[in-house]
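Per-entry structural report
Single-letter residue listing:
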Amino acid sequence: MPPASSLLPPSRSVLRLKVRLLGLSPMVWRRVLVPESYSLRELHGVIQVAMGWKSLHLFEFGIRAVRYGSTDICPEPPDKTLESFAFRRNARFAYVYDMGDWWEHEIRVEDREAAKERGRYPTCIGGAGACPPEDCGGPDRYLDRRDDAFGLDTMDDLVTMAEFVEQVVLNGDRAMLDDEDARQAVERAINRSRAREPFLDCRFSRRDVNKSFHQDEHRQLMYQWFI
């Protein structure tokens, strides 16, 4: 049985929201169905799970010139419900996560629909692109590091590791293991390759997002960094 918090009576409405992370190309976006009874605080948890953030930083919503969010940076707490705003179709508002890196998201209200009987909400129904790593410096720095991850230094490191595998593993020549300089060069290449991995990932899994929703991870994240 799904958690009780995931079930809504069929008479209640849900909003279909498209969440788009600004400043990146290719586009990183998610489409989610969210109960209209949810507060902005709950929506924060939904966005964190849907996008792939970890709720390590402060946040704010900008709606009709009012800022709602973490109390040490926003004049209003995120306690208002989505239905209290009476959003029209195609209405847009902003969500910013991490005031240092400034990850700005555009949220568009695509439609309002009746919740399905025994339906699980929130739920993700679409999306594309991997979430950037936490604390990577914001959109510009992320794009620079992503470009570097596909650059010539990456190819050089791959050659270094391939030569090691060929000589030591395939040919059984262990001389490289006794050469401290060669061994350290391989170790540095491996460490650099591991650091690049988050910037090479472009995958998005709707299944994984919905698994997290069904486990109520959005509720676990919505209070983090809320002071």
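So, the side chain of E110
Tracing the chain through its elements places E110 in strand β6 (residues 103-114). Under the relative-accessibility criterion, E110 is labelled buried at 8%. One polar contact links E110 to R31, side chain to side chain, over a distance of 2.6 Å. Not counting residues up to four positions away in its chain, the partners in contact with E110 are R16, K18, R31 and R89.

What to know about helix α1 (residues 40-51)
With 12 residues, α1 should cover 16 Å at 1.5 Å per step; its first-to-last C-alpha distance of 16 Å lies within 8% of that length. With 12 of 12 residues buried, α1 lies mostly within the body of the structure. If you check which residues of α1 are buried, you get L40, R41, E42, L43, H44, G45, V46, I47, Q48, V49, A50 and M51. The first or second residue beyond α1 is G52, which carries a positive phi of 110°.

Examining the nonpolar core
Of all hydrophobic cores here, the largest spans 39 residues; its most connected members are L43, F61, F87 and I107. Within the residue set of this core, elements represented by two or more residues are β1 (13-21), β2 (28-35), α1, β3 (59-63), β5 (92-97), β6, α2 (138-149) and α6 (206-214). If one sorts the elements of this core by residue count, α1 sits on top with seven residues. Residues contacting I107, with those up to four places away along its chain left out, are L17, K18, V19, L43, I47, F61, A91, R92, F93 and Y95.

Overview of the confidence of the model for the protein
Per-chain confidence: the protein averages 86 in pLDDT, with 86% of residues scoring 70 or above. Scored below 50 in pLDDT, residues 1-5 shows nine contacts in the model against residues more than four places distant or in partner chains.

Overview of the pattern of salt bridges
Counted under the stated rule, the structure contains 12 salt bridges. Taking the shortest distance from any N to any O, the salt bridge between R16 and E110 comes out at 3.1 Å. With R16 in strand β1 and E110 in strand β6, the pair connects residues that are 94 residues apart, well separated along the chain. Since its relative accessible area comes to 24%, R16 is described here as partly exposed. A salt bridge links D79 to R41, with the nearest nitrogen and oxygen atoms 2.2 Å apart. Of the two residues, D79 sits in the loop between β4 (66-69) and β5 while R41 sits in helix α1, which places them 38 residues apart along the sequence. The class for D79 is partly exposed, based on a relative accessible area of 43%.

Re the layout of surface pockets
Computed from the structure, the largest pocket encloses a volume of approximately 600 Å³. Surrounding the largest pocket, 25 residues form its lining, V49, M51, G52, K54 and C131 being those nearest its centre. Its boundaries defined by the atoms lining it, the second largest pocket holds a volume of some 150 Å³. Lining the second largest pocket are 12 residues, with P26, Y142, R146, D201 and C202 positioned closest to its centre. Elements represented by at least two residues in the lining of the second largest pocket include exactly α2 and α5 (180-200).

Description of the sheet that holds strand β7 (residues 123-128)
Spatially, β4-β3-β5-β6-β1-β2-β7 is the arrangement adopted by the seven strands of the open sheet, whose pairing is antiparallel. The outermost strands of the open sheet, each flanked by one partner alone, are β4 and β7. Strand-to-strand twist in this sheet, taken as the mean axis angle between neighbours without regard to direction, amounts to 25°. In the packing of α1 onto the sheet, contacts are made with β1, β2, β3, β4, β5 and β6, and the angle to β2 comes to roughly 140°.

With respect to the environment of M51
Structurally, M51 is set in helix α1. Along the sequence, M51 and P132 sit 81 residues apart, while their C-alpha atoms lie 9.1 Å from each other. Setting aside its immediate chain neighbours within four residues, M51 contacts V19, L21, V28, R30, H105 and C131.

Reading the values: rules and limits
- Residues numbered from 1 in each chain as written.
- Predicted model: local features only at pLDDT ≥ 70, side-chain atom pairs only at ≥ 80, totals over all residues.
- Heavy atoms only, no water.
- Helix = DSSP H or I, 4+ residues; strand = E, 2+ residues; numbered from the N terminus.
- Buried < 20%, exposed > 50% of the residue type's maximum accessible area, 1.4 Å probe, protein only.
- Polar contact = N/O pair within 3.5 Å; in protein donor to acceptor, adjacent residues only side chain to side chain.
- Contact = heavy atoms within 4.5 Å.
- Expected span 1.5 Å × (residues − 1).
- Core = buried A, V, L, I, M, F, W, Y, C linked by side-chain atoms within 4.5 Å.
- pLDDT = per-residue confidence, 0-100.
- Salt bridge = Lys/Arg side-chain N within 4 Å of Asp/Glu carboxyl O.
- 1 Å grid on protein atoms, 1.4 Å probe; cavity = no way out; pocket = protein on both sides within 12 Å on 5 of 7 lines; lining within 4 Å.
- Points joined across faces, edges and corners; volume = space filled by probe spheres on them.
- Pairing = 2+ DSSP bridges.
- Axes fitted to C-alpha atoms, helices over the stretch in contact; angles between N-to-C directions.

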